Amino acid sequence: MTDWPATCRAAVEDVRGVLAELPTRVEREPVVGAGQGGDDTVAIDAAAEAAIVRRLEATGAAFTLISEELGQKAVGGGGAAHVVVDPIDGSLNAVADGPTMDDVHFGYVYDFGSGEEWTAERRSGAFLNGEPLGGVKPKERVEILSFEATLTSSVAEKAAQMVGFAYRLRIMGSLALSLCHLAAGRVDAVCSLKGARAVDIAAAQLLVRECGLAIDLPEAPPFGAAPLDTEGRSRVVAAGTPELCRELFDRLS
């Protein structure tokens, strides 16, 4: 049986080596192809993904790999188990015993900036650096809302619609980390301004749900049936309650 936490930590060290080899934007940002998720593949994404895939193949486990750049690949003969990888935002995001969001049983997100390790196990809780999360909840009235988008124009268009709903906006640049911060009560709500993909949220959504918080893909319900693939089907909204999620999406729409 694969020790997934140990595998993830080993993958973190592999990616850390890649970051050292490609230390600046000059080395990291050249476009080297197009990912299956639809975005350009830059050098850092390709190198990090290759390192993680080598680590996964070395486990000898059989599973279906879902990755931002490669798309879907059978490893060790494939099978019902799915491993979801986003090379930079999550190192080795999620492990599932089937093809949908509800099937995710282990989630792992590593923040290379802060050195924080976020993990979750289905029906066993969510953790930050091994300590249980859930003691600090998001506020019932949204003070800090985390936007996730890539375009200034998208932020400018939607920010005005949040007046009266959220007092402050934050943009972290990683949907996975924003959701982890929601699970820790550091922000009070999260939304994406474009369609979210399973590779973006598969691990972090488990932290959110294990903390008893609400998350939804309102343009492609139900959330638990969302397939583990690289297609962006719906914007994601997450907050302390389903009611706040509905209000957030109404304002986005």
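What counts as what
Residues numbered from 1 in each chain as written. Predicted model: local features only at pLDDT ≥ 70, side-chain atom pairs only at ≥ 80, totals over all residues. Heavy atoms only, no water. Phe/Tyr/Trp six-rings, centres within 6.5 Å; stacked < 30°, edge-to-face > 60°. Helix = DSSP H or I, 4+ residues; strand = E, 2+ residues; numbered from the N terminus. Buried < 20%, exposed > 50% of the residue type's maximum accessible area, 1.4 Å probe, protein only. Pairing = 2+ DSSP bridges. Core = buried A, V, L, I, M, F, W, Y, C linked by side-chain atoms within 4.5 Å. Contact = heavy atoms within 4.5 Å. Axes fitted to C-alpha atoms, helices over the stretch in contact; angles between N-to-C directions.

**So, the packing of aromatic side chains**
Turning to step 1, where the next piece is worked out: Scanning all chains against the criterion turns up two aromatic pairs.
Turning to step 2, where the next piece is worked out: Geometrically, the ring pair formed by Trp4 and Phe63 is edge-to-face, given 6.2 Å between the ring centres and 75° between the ring planes. Of this pair, Trp4 sits in helix α1 (residues 4-21) while Phe63 sits in strand β3 (residues 63-67); the two residues are 59 residues apart in sequence, bridging distant segments of the chain.
Turning to step 3, where the next piece is worked out: Between the aromatic rings of Tyr110 and Phe112, the centroid separation amounts to 5.0 Å while the plane-to-plane angle is 75°, which identifies the pairing as edge-to-face.
Turning to step 4, where the next piece is worked out: Classification of Tyr110 by relative accessible area gives buried; the value is 11%.

**Some details on the pairing of strand β13 (residues 189-192)**
Turning to step 1, where the next piece is worked out: Judged by which residues are buried, β13 turns out to be covered on both faces: Ala189 and Cys191 on one side and Val190 and Ser192 on the other are all buried.
Turning to step 2, where the next piece is worked out: Strand direction decides the pairing type here: strand β11 (residues 144-148) and β13, joined by four bridges, are parallel. Residue pairing across strands places Leu145 opposite Ala189, the latter belonging to β13.
Turning to step 3, where the next piece is worked out: Pairing geometry for β13 and strand β15 (residues 237-239), over three bridges, is antiparallel. Within β15, the residue paired with Cys191 across the bridge is Val237.

**Quick word on the nonpolar core**
Turning to step 1, where the next piece is worked out: Formed by 42 residues in total, the largest nonpolar core has its most connected members in Met101, Trp118, Leu133, Leu179, Ile201, Leu207 and Leu228.
Turning to step 2, where the next piece is worked out: Breaking this core down by element, the ones donating at least two residues are β6 (94-96), β7 (104-110), β8 (117-121), β9 (125-128), α5 (175-183), α6 (198-201) and α7 (204-210).
Turning to step 3, where the next piece is worked out: In terms of residue count, α5 provides more of this core than any other element does, seven residues in total.
Turning to step 4, where the next piece is worked out: Here Leu133 is in contact with Trp118, Ala126, Phe127, Leu128, Ala183, Ala184, Leu207 and Cys211, once residues within four sequence places are set aside.
Turning to step 5, where the next piece is worked out: Ranked by size, the runner-up nonpolar core spans 25 residues in total, among them Ala51, Ala61, Val83 and Phe106.

**Here's the deal with the environment of Leu252**
Turning to step 1, where the next piece is worked out: Tracing the chain through its elements places Leu252 in helix α8 (residues 242-252).
Turning to step 2, where the next piece is worked out: Distance in space between the C-alpha atoms of Leu252 and Leu193 is 7.9 Å, their sequence separation being 59 residues.
Turning to step 3, where the next piece is worked out: Here Leu252 is in contact with Lys158, Gln161, Met162, Cys191, Ser192, Leu193, Arg235 and Val237, once residues within four sequence places are set aside.

**Considering the sheet that holds strand β4 (residues 71-75)**
Turning to step 1, where the next piece is worked out: Taken in spatial order, the eight strands of this open sheet run β4-β3-β5-β6-β7-β8-β9-β10, and their pairing is mixed. Lying at the two open borders of the sheet, with one neighbouring strand each, are β4 and β10 (131-132).
Turning to step 2, where the next piece is worked out: Judged from the two bridges that link them, β9 and β10 form a sheet pairing that is antiparallel. Bridge pairing in β10 links Phe127 to Pro132.
Turning to step 3, where the next piece is worked out: Across the sheet, helix α3 (residues 43-57) lies against β3, β4 and β5 (82-85), angled at about 170° from β3, the strand it touches most.

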